[in-house]
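Spelled out, the chains give:
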Amino acid sequence: MSEISEEEFYTEAAGVFFEVFKFRTDTFAQQVPDGYIRIKRALTIQDIIEHLQGKNSFGAFPIFPEDNSCYFGVIDLDEMDFSIVEQLRKNANSLGIDDSEFLIEKSGRKGFHFWFIFQDKVPSNVARRFCQAVKGNLSNIEVFPKQDTLVKGGFGNLIKLPFGQHKTSMRWSYLIDKTSYKQIDWFDYLKYNFKKISVERANEIADRFSRPSSIEDFQSKTDKIKKTEFEKYPGLERVLECEFIHYCETNAKDLPEPLWFSMISNLLPFQGGREKIHELSRPYKKGRLQYSAEATDKKIQYALKTSYGPRTCQYISLQGFSCPNLITNKCQVKAPAGLGTKKTSP
């Protein structure tokens, strides 16, 4: 049998990659040494080839905006602890997930990604609860996707695609064997050994983790704790000095919803934050839509329900705001809210 050329191999490899990893392709993100920049065009086979070759490194947005669905869930372990890797594997096996039905990728930086690929789309909240069921009681572990639903015009959190070169550490990510933890050939494994998880089983396993409470139940609970849990910290005046918050104030009349949600996630932790959110939202008027206190309160409640902490500067940049301080790391914080808790020099 004749050997294939390098070009033929990478073309076939990209095809196998696309068949396994399905995600939103109308936009994506390119990794640079200090983070990601969103690319406002469709992802191509050539992009995946360059990712696999190490010429570029890309991240993808897993949630499809038309129906808030996705094809995979990911557990992100940000430390080199093989005992936790083994525990996650045992957790998966105990739920009836065979070793051939998930992937363990060494991320190329600090830890590991566990990939669970579904045979068809599932609602994002099913993918999230599926990963939470596998995660069990383990702490300091993230799951993707991070949102149940996207805000209008939003993208959600991206995840770095596997089998490329990390542009911060310059180390490659790769697939590992689940018992020896040694590197294995991802191309052959995906092509010949890997199995996707059926939608029915994804739902069954997700149901091992509690379903989201109704919005009424949630609002009742947050009404009781909002003053102590969410408007907890001093330091709001320092957060208001952030370039992003200034941008939100200047463009309040027609601020896009993803940026508005990012703003409120960074103001809610602080004393007076809710009042300030209303103040910054009052100028909004776009077509027939305009500010109302009731609608704003409902969106704040929604933000609390779906919140995973203040949106980071990197996340905000992917939603369309280019901060002049992000590249130089002038502020030395990961999110605008960090300015409020950052220790000031004596």
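What comes next is a walk through the structure. (Residues numbered from 1 in each chain as written. Predicted model: local features only at pLDDT ≥ 70, side-chain atom pairs only at ≥ 80, totals over all residues. Heavy atoms only, no water.)

**What to know about the packing of aromatic side chains**
- Per the stated rule, a full pass over the model turns up 24 aromatic pairs.
- Centroid distance F17 to F21: 4.8 Å. Interplanar angle 40°. Geometry classified as tilted. The pair formed by F17 and F21 is uniform in burial state, with each residue classed as buried.
- One aromatic cluster in this structure is built from F9, Y10, F17, F21, F72, W115, F163, W186 and F187.
- K121 extends its terminal NZ or CZ atom over the ring of F64, reaching a point 4.4 Å from the ring centre.
- One cation-aromatic arrangement involves K299 over W260; the distance from NZ or CZ to the ring centre is 6.0 Å. (Phe/Tyr/Trp six-rings, centres within 6.5 Å; stacked < 30°, edge-to-face > 60°. Buried < 20%, exposed > 50% of the residue type's maximum accessible area, 1.4 Å probe, protein only. Lys NZ or Arg CZ within 6 Å of the ring centre and 35° of its normal.)

**Here's the deal with the sheet that holds strand β2 (residues 35-39)**
- Pairing is antiparallel in the open sheet, where four strands are placed in the order β2-β1-β3-β8. Looking at strand neighbours, the two that pair on one side only are β2 and β8 (159-160), the edges of this open sheet.
- Here strand β1 (residues 28-32) runs beside β2; their pairing, made up of five bridges, is antiparallel. Its bridge partner lying in β2, V32 is registered against G35. (Pairing = 2+ DSSP bridges. Helix = DSSP H or I, 4+ residues; strand = E, 2+ residues; numbered from the N terminus.)

**With respect to the sheet that holds strand β7 (residues 141-144)**
- The strand order across the open sheet formed by six strands is β7-β4-β6-β5-β9-β10, and the pairing between neighbours is antiparallel. Looking at strand neighbours, the two that pair on one side only are β7 and β10 (183-184), the edges of this open sheet.
- This element, helix α4 (residues 124-135), spans β4 (69-77), β6 (112-123) and β7 of the sheet and lies at about 140° to β6. (Contact = heavy atoms within 4.5 Å. Axes fitted to C-alpha atoms, helices over the stretch in contact; angles between N-to-C directions.)

**Re the pattern of salt bridges**
- Scanning all chains against the criterion turns up 18 salt bridges.
- D99 is the partner of R89 in a salt bridge, and the nearest nitrogen-oxygen pair spans 2.7 Å. Of this pair, R89 sits in helix α3 (residues 82-94) while D99 sits in the loop between α3 and β5 (103-106), and the two are 10 residues apart along the sequence.
- Assessed through its relative accessible area of 15%, R89 is described here as buried.
- Residues R274 and D297 are paired through a salt bridge, measuring 3.9 Å at the closest nitrogen-oxygen approach. Here R274 is found in helix α11 (residues 273-281), whereas its partner D297 is found in helix α12 (residues 293-306), with 23 residues between them in sequence.
- A relative accessible area of 9% places R274 in the buried class.
- Its relative accessible area of 32% is what places D297 among the partly exposed residues. (Salt bridge = Lys/Arg side-chain N within 4 Å of Asp/Glu carboxyl O.)

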